[in-house]
Amino acid sequence: MLFRGLNLTTAGECGAFAAALGWRPATLAGGGTARTELGADVRTASDEPATHTIEPHQDMAHAAHAPSKLAFFAL
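What comes next is a walk through the structure.

Regarding the overall build of the chain
Each helix and strand in the chain was counted, giving one helix and two strands. The N-to-C order of helical and strand elements in the chain reads α-β-β. If one aligns the C-alpha atoms of the chain with their principal axes, the spans along those axes are about 30 × 30 × 20 Å. Residues counted as buried form 9% of the 75 residues belonging to the chain. Look at the contacts in the chain between residues 6 or more apart in sequence, and 42% of them connect residues 24 or more apart.

As C-alpha cells, then:
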C-alpha cells in the first residue's frame, strides 16, 4: 500500500500512525548497522556515511521470523 497526503511531519507521528493501524514493531537484534531511534518504533535504516555503499541484502536474515510489513517514511 502507498499512503500519500497523510500530513505526517515527524517520526513520532509516523510511529503513532503505524500503531493506530495495529502494526506491531519488529525487534531488531544483532546485525552490523548502526541505527538511530527517531521516535516510537521509528529508526533510521542506517547511520553509515553517505560515502559507503550498502549492497542489496536481506536484513535480519538470521531472525526466526521475518516482519510481515515494512514501512518507509520520508521527511
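As for the pattern of salt bridges
All chains considered together, the criterion is met by one salt bridge. One salt bridge in this structure joins Glu37 and Arg43, with 3.6 Å as the shortest N-O distance.

Some remarks on a nonpolar patch on the surface
Together, Met1, Phe3, Leu6 and Leu21 make up a nonpolar patch on the protein surface, roughly 440 Å² of accessible area in all. With respect to the element layout, Met1 can be found in the segment before α1 (11-20). Since its relative accessible area comes to 89%, Met1 is described here as exposed.

As for the packing of aromatic side chains
Evaluation of the coordinates by the stated rule reveals one aromatic pair. Relative to Phe17, the ring of Phe3 has its centre 5.3 Å away and its plane inclined at 80°; by these criteria the two rings are edge-to-face. With a gap of 14 residues between them, Phe3 in the segment before α1 and Phe17 in helix α1 connect regions that are remote in the sequence.

Structural notes on α1
Those residues of α1 that sit buried are Ala11, Cys14, Gly15 and Ala18. Angular distribution of buried residues about the axis of α1 spans 95°; they occupy a single face of the element. Of the surrounding elements, those touching the buried residues of α1 are β1 (37-39) and β2 (42-43). In the segment just after α1, Gly22 is the residue with positive phi, at about 85°.

Conventions we followed
Residues numbered from 1 in each chain as written. Predicted model: local features only at pLDDT ≥ 70, side-chain atom pairs only at ≥ 80, totals over all residues. Heavy atoms only, no water. Helix = DSSP H or I, 4+ residues; strand = E, 2+ residues; numbered from the N terminus. Buried < 20%, exposed > 50% of the residue type's maximum accessible area, 1.4 Å probe, protein only. Contact = heavy atoms within 4.5 Å. Salt bridge = Lys/Arg side-chain N within 4 Å of Asp/Glu carboxyl O. Patch = residues over 30% accessible without salt bridge, like charges linked within 9 Å, V, L, I, M, F, W, Y side chains within 5 Å. Areas by Shrake-Rupley, 256 points an atom, 1.4 Å probe, with all protein chains shown as cover. Phe/Tyr/Trp six-rings, centres within 6.5 Å; stacked < 30°, edge-to-face > 60°. Arc of directions from axis to C-beta.

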